[in-house]
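So you can see what is in the structure, the chains are spelled out below.
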Amino acid sequence: MELLNSLIYMLGEMSPYILLGFLIAGIMHAFIPRRQMARHLSGNGWKSVVKAAAIGVPLPLCSCGVLPTAIAMHRNGASKAATSSFLVATPQTGVDSIAATWSLLGPAFAIIRPIAALVTAMFGGVAVGLADRQVQAEAMECDAAAEENIAGFKAKCLAAIRYGFVDLVGSIGGWLVAGLIIAALITVYVPADFFASLSQRPLLSMLAVLVVAIPMYVCATGSIPIALSLMLKGLSPGTALVLLMAGPAANFASFTLISKEMGRKAAVIYLLSIVAGALLFGLAIDYLMPATWFSAMHQGDACSHHAATGIFSLICSGVLVILLIMALLKRIHHNKLINTDMTQNYIITGMNCPHCQATVKKAISNVSGVTAVDVNLSSGVAAVEGVHSADAVVDAVRKAGFDVSR
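The notes below deal with the structure included here. Keep in mind the model is a prediction, meaning the values are calculated, not measured.

The rules behind the values
Residues numbered from 1 in each chain as written. Predicted model: local features only at pLDDT ≥ 70, side-chain atom pairs only at ≥ 80, totals over all residues. Heavy atoms only, no water. Helix = DSSP H or I, 4+ residues; strand = E, 2+ residues; numbered from the N terminus. Expected span 1.5 Å × (residues − 1). Buried < 20%, exposed > 50% of the residue type's maximum accessible area, 1.4 Å probe, protein only. Contact = heavy atoms within 4.5 Å. Salt bridge = Lys/Arg side-chain N within 4 Å of Asp/Glu carboxyl O. Axes fitted to C-alpha atoms, helices over the stretch in contact; angles between N-to-C directions. Parallel < 35°, antiparallel > 145°, perpendicular 65-115°, else oblique. Left-handed = near helix turned anticlockwise from the far one by under 90°. Nonpolar A, V, L, I, M, F, W, Y, C, P; charged D, E, K, R; others polar.

**Let's talk about helix α5 (residues 80-92)**
Okay, so step 1: Compared with the 18 Å implied by 1.5 Å per residue over 13 residues, the 19 Å span of α5 between its first and last C-alpha is a close match.
Okay, so step 2: For α5, the tally of buried residues reaches 13 of 13 residues, placing the bulk of the element in the interior.

Written out as structure tokens, the structure is:
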């Protein structure tokens, strides 16, 4: 029962930000040309990394809400380096959490927190770029039709909603649920007083905070009262900063999705950059800066900036659950369609993103005799119904820029 309550609570905390992330991802897909995104954020050099970090620092997105936005950036042409920089910087801070940090923890924390996020993001992005020297051109290999060139504001709004709340949910929904369940397990089974005995050992307490904070979910604003409570229990300000950095920036949902989207190497570097940055800035606060700068200002209602689950959160939770269920039903329908005798299945290679998926589906749908098409991005299987020529389907897919086999 406690696990279920924790899962429901975390879903309520996360869902508004996740839906915001899906919305931003859809807007980026429909309104920002892919070539423009690639031009600014496609390189592995420091310029694209700095741009991505600077964009991410003020955005009020949590570690789960940033995922769909970052994935859309990557699929629209942003390099792994720039995407990693955005992923590290964005969830650590935001205009809302900076104001809350100033109110509860003081101006020093409020100033150092975004600086630490920016520096850590730049370091992580450059490291990913050095490890990934090959030009990431997959997102630009799609046929020009994948750009969709949507005309009209209304059509673009509809395309944004479909991409953000249908295509992207179907692509990453399962991984998101898995990460949420793992985070809930850790939240329930790690004792609340785990750190009390470590108050006299700053480095050890920082490592302990990292062990607990990295896998679990906590947003940038929600981490502030937790950091305050650690300091009130006698832990050092540096340890509190470690939580403020590592807690929002990393969790199992982030790591699993980054591994799937950009590879295990990028995910490991992303995680190590957060760990290294949090420890370095934490130690700098404890040993190089005056302790008076980091005395907690207020002990009052630490949760005033992190509202409890209310009507809005419940509505967002319900919407997210419905979207995930719809994505699951669509996948089940696809699997049933594959096993239908009247359906011919084609293995498509070269699809890297929903843009590619849409291009393949459109190309096959235009073949004479085709009555229904379902293209699964993750499996690469296109299930085609109707009395049609297999050679015509193969020819249409190849003309669209992809390889195909039966």
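**Some thoughts on the environment of V242**
Okay, so step 1: Along the chain, V242 falls in helix α11 (residues 237-249).
Okay, so step 2: Look at V242 and you get buried, because its relative accessible area is 0%.
Okay, so step 3: Between the C-alpha atom of V242 and that of A213, which follows or precedes it by 29 residues, the distance is 8.8 Å.
Okay, so step 4: Beyond its immediate stretch of four places on either side in the chain, V242 contacts M206, V209, L210, G247, A278 and G282.

**Some details on the pattern of salt bridges**
Okay, so step 1: The full count for this structure, using the stated rule, is two salt bridges.
Okay, so step 2: Here D395 makes a salt bridge to K399, at a shortest N to O gap of 3.3 Å. Here D395 pairs with K399, and both are found in helix α16 (residues 390-399), just four residues apart, close to one helical turn.
Okay, so step 3: With relative accessibility at 39%, the residue D395 sits in the partly exposed group.

**Some points on the packing of α11 against helix α13 (residues 264-288)**
Okay, so step 1: Axis separation between α11 and α13 bottoms out at 7 Å; the angle between their running directions is 160 degrees. The orientation of α11 with respect to α13, classified from their angle, is roughly antiparallel. Crossing angle aside, the handedness with which α11 passes α13 is right-handed. Of α13, the residues touching α11 (which contributes P237, G238, T239, L241, V242, M245, A246 and A249) are Y270, I274, G277, A278, F281, G282, I285 and D286.
Okay, so step 2: Classifying every residue of the contact of α11 with α13 by side-chain character gives eleven nonpolar, four polar and one charged.

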